Amino acid sequence: MDDPSQASEFESSEVLATFLSSTLLPFDSWRLCSLANTAAPGSFVVDQVGTVGYVAFSGIQVLPMGQLGSSGTGSGDLVPLDATSNSLFPAFKVHGGGEGEEEEETVVMVHWGMLQLFISFFVSTDLQTKIDQLMQQSKSLVITGHSVGATTASLTVLWLLCRLKSTFSSPPVLCITFGSPLLGNESLTNAILRERWGGRFCHIVSNYDIMPRLLFAPLLSVTHQLHFLLQFWHLSMASQTSQCPVLALTEQDINGFFGTILSSVEVTARTEEGSGSGMKSFWPFGSYLFCSEEGAICMDNETCVVKMLHLMLLSGSPSRSIEDHLRYGNYVSKLSFQFLTRRNFMTREISESNYEASVSLALQSSGTHGQEPVSTLAKDCLITARRVGRAPNINSANLAIRLSKIVPFRAEIEWYKACCDKSDDQMGYYDSFKRRGASKRESRVNMNRIKLGSFWDDVIHMLERNELPHDFHRRAKWINASLFYRLLVEPLDIAEYYRLGLHHSKGHYLLHGRERRFEISDRWWREREGADKQETHKRSKFASLTQDSCFWARVEEAWDWLDDVRRETDHGKLEFLLQRIRNFEMYAAKLIETKEVSEDVIAKNSTYSLCIEKWRTLQSSLRQEHQDSSLALN
């Protein structure tokens, strides 16, 4: 069963949006953000409304080095989250590749200035204490923020979710942001989805607000405009009167700034699924609730979010893109009354199809209805978001059906193993397959081995192409299924590798022959929820399957080392080989002592038994040679 502490309360953006529109959570969140802007600029406020606790970060924040894009390129401000946050986010640790090398594409990165801002709150304020108090007094917790303060809210929630990951009784945590700039790269997005935390984040974005689009652009060319724009926003947020300060930019400056951001968002939106953006560029995460004067729409597919960010800004104007960053109070006050309510379309009637009706309704709510060609593009984006959003779960369900259909292949291999373990030749499962002849039974087993491998290769490829839910590899059903497959079938793959003599041409199996499906299954098992807390129970009998699926590969290596000892003349290299053999002997003895191996390992004529016998003979020979040498010296 999945850990309820890590499962998202909201499995789709539609559910989250419907929930928010039926409550006062967005209204209360914005009220407290406004209070933080005026009463606690550069800080945060806490409050409790009924059973809900709130922490609201002010939008008036000064980042280190003073700018959102201090490097001038936007992406240059991205830094690894795990390496620069003093282990505050253990769920986002880097996972290396199959041979232990760090894979760049998996590095979770966030904006350096925003991370430093969060850390400054974390270490120099009573933020932790306030949150702990609210969690004790509240049934649920909302962390919210406006503008740059919204990124602090997001990082606070990520820190809190990491902290509460193994806690079953913690209150629900939700992050609601207003006009948040982008925070991290696509690896951050994928990591949040793998943890099933996507539904914990709702980013409320107005149609034309330029702030959520800023970090798609290289900001070096607009540093002058950005400086005065941030100053204007900060003064406006802090003002308790209706009179707004004057923006110290010319119309030409504003138009140029708007054009730079718009063109950069367009380039990103044209990139299919973010592959052109790369893991070193900013990327959205969570659900986005787009608000307009006409209503609101919600989506959680990141590619569609980027496209909608572009299309909505395309239908706006330079001045409106600046004003909208300050108008969230207006949008939120209407949200409950506008979200997906029945409307008069004036120029067209609602389609008889519920699906078409919902798409048309969402299109009008987006504020792009009737604005061609933006309207047509927005409609395509909405349809894509809906289709893509359901595809991973459908693919997962279809894979479950395929898994059930290959059970007979697995069962036949299990039957074959049972027969081998009881055979009079006392070779066991591994050696029987390795030394097999051309019998029909063993040919069928080999074919089943290949079919099962093909299935798991398909699973891995689908997961890597983002065709399955991002938390697929954390689901107990698939972790356990891949484990059983690996323990049962990998010994056969090892046997086939050495049977064909591939170790002579390629090298030994562990470094040169192991398939990725086994490496990935291994990683899934090591990283499963609660793996570090797993209690080891003493076995009363041998395991049905050897718990180290690479056991036989280690045996084959040890066998070669024994042969090498006979040929080695260099004393240093000889001692190195002998130490490796001793280490293997201790490793195998421990597995046998704890009964972590199957009975076929200790079969009389198994490769392992013959290897140990060969090692004993070699030890006796070496001792005799040592005695003879000592006598000769004397």
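Keep in mind it's a predicted model, so treat the numbers as computed, not measured.

A word on the overall build of the protein chain. When its secondary structure is counted, the protein chain shows 23 helices and 11 strands. Going through the 634 residues of the protein chain one by one, you find that 52% of them count as buried. Counting contacts in the protein chain only where the partners sit at least 6 residues apart, residues at least 24 apart contribute 77% of the total. Put simply, the protein chain shows about 29,100 Å² of open surface, and 52% of that area lies on carbon and sulfur atoms.

Further remarks concern unusual backbone geometry. A negative phi angle characterises most non-glycine residues, just as the trans form characterises most peptide bonds. Positive phi outside glycine occurs at Arg196, with the angle close to 60 degrees. On the secondary structure map, Arg196 appears in the loop between helix 6 (186–194) and strand 8 (201–206). The backbone of Gln426 shows a phi angle near 55 degrees, a positive value even though the residue is not glycine. Along the polypeptide, Gln426 turns up in the loop between helix 14 (407–421) and helix 15 (428–434).

Helix length check: helix 16 (residues 440–464), at 25 residues, gives a terminal C-alpha distance of 36 Å against a target of 36 Å (1.5 Å per residue), a fit within 8%. Asn466, located one to two residues past helix 16, shows a positive phi value of around 60 degrees.

Adjacent strands of a sheet form backbone hydrogen bonds with each other and so pair up, either parallel or antiparallel. As summarised here, the arrangement of the 7 strands in space is 1-2-5-6-8-10-11, forming an open sheet in which the pairing is mixed. The strands lining the two open edges of the sheet, one partner per strand, are strand 1 (44–49) and strand 11 (295–299). Neighbouring strand axes in the sheet, compared pairwise and without regard to direction, differ in orientation by 20 degrees on average. Of the strand pairs in this sheet, strand 8 and strand 10 (residues 287–292) are connected by 5 bridges, and their pairing is parallel. Note that in strand 10 the partner of Cys202 across the bridge is Ser287.

Within the element layout of this structure, Arg474 appears in the loop between helix 16 and helix 17 (476–499). At 3.0 Å, the side chain of Arg474 and the side chain of Glu195 are in polar contact.

This paragraph deals with the pairing of strand 10. Summarising burial for strand 10: 6 of the 6 residues are buried, a large majority. Side chains of strand 10 alternate between two faces, with Ser287, Leu289 and Cys291 and Tyr288, Phe290 and Ser292 buried alike. Counted along the chain from strand 10 to the antiparallel partner strand 11, the turn is 2 residues long.

Moving on to the packing of helix 8 (residues 251–269) against helix 9 (residues 302–314). Relative orientation of the contacting elements helix 8 and helix 9 amounts to 145 degrees, with a least axis distance of 9 Å. For the crossing formed where helix 8 meets helix 9, the hand is left-handed. Where helix 8 approaches helix 9, its residues Phe258, Ile261, Leu262, Val265, Glu266, Thr268 and Ala269 are matched on the opposing element by Val306, Lys307, Leu309, His310, Leu313 and Leu314. Looking at the contact of helix 8 with helix 9, its residues break down into 9 nonpolar, 2 polar and 2 charged.

Quick look at the side chain of Ser154 now. Structurally, the position occupied by Ser154 is in helix 5 (residues 148–163). On the basis of relative accessibility, which here comes to 1%, the residue Ser154 falls in the buried class. Not counting residues up to four positions away in its chain, the partners in contact with Ser154 are Cys175, Thr177, Leu183, Phe201, His203 and Phe285.

Counted by the stated rule, this structure contains 34 salt bridges. Residues Arg320 and Glu293 are paired through a salt bridge, measuring 3.7 Å at the closest nitrogen-oxygen approach. You can see Arg320 sitting in helix 10 (residues 318–323) and its partner Glu293 sitting in the loop between strand 10 and strand 11, a full 27 residues away along the chain. Given the relative accessible area of 23%, Arg320 is considered partly exposed. Residue classification places Glu293 among the partly exposed positions, given a relative accessible area of 31%. With a closest N to O distance of 2.5 Å, Arg516 and Glu464 form a salt bridge. Placement of Arg516 in helix 20 (residues 516–526) and of Glu464 in helix 16 is noted, with a sequence separation of 52 residues between them. In this structure Glu464 comes out as partly exposed when scored by relative accessible area, which is 44%.

Glancing now at the confidence of the model for the protein chain. The predicted model of the protein chain averages 83 in pLDDT, with 80% of residues at 70 or higher. Per-residue pLDDT stays below 50 along residues 96–102; that stretch engages in 12 contacts with residues further than four places along the chain or on separate chains.

Evaluation of the coordinates by the stated rule reveals 3 cavities of 30 Å³ or more. Roughly 60 Å³ of volume is contained in the largest cavity. Considering the residues around the largest cavity, the lining is formed by Thr151, Ser154, Ser180, Pro181, Leu182, Leu183, His203, Trp283, Pro284, Phe285 and Tyr288.

Reading the values: rules and limits
- Residues numbered from 1 in each chain as written.
- Predicted model: local features only at pLDDT ≥ 70, side-chain atom pairs only at ≥ 80, totals over all residues.
- Heavy atoms only, no water.
- Helix = DSSP H or I, 4+ residues; strand = E, 2+ residues; numbered from the N terminus.
- Buried < 20%, exposed > 50% of the residue type's maximum accessible area, 1.4 Å probe, protein only.
- Contact = heavy atoms within 4.5 Å.
- Areas by Shrake-Rupley, 256 points an atom, 1.4 Å probe, with all protein chains shown as cover.
- Expected span 1.5 Å × (residues − 1).
- Pairing = 2+ DSSP bridges.
- Axes fitted to C-alpha atoms, helices over the stretch in contact; angles between N-to-C directions.
- Polar contact = N/O pair within 3.5 Å; in protein donor to acceptor, adjacent residues only side chain to side chain.
- Left-handed = near helix turned anticlockwise from the far one by under 90°.
- Nonpolar A, V, L, I, M, F, W, Y, C, P; charged D, E, K, R; others polar.
- Salt bridge = Lys/Arg side-chain N within 4 Å of Asp/Glu carboxyl O.
- pLDDT = per-residue confidence, 0-100.
- 1 Å grid on protein atoms, 1.4 Å probe; cavity = no way out; pocket = protein on both sides within 12 Å on 5 of 7 lines; lining within 4 Å.
- Points joined across faces, edges and corners; volume = space filled by probe spheres on them.

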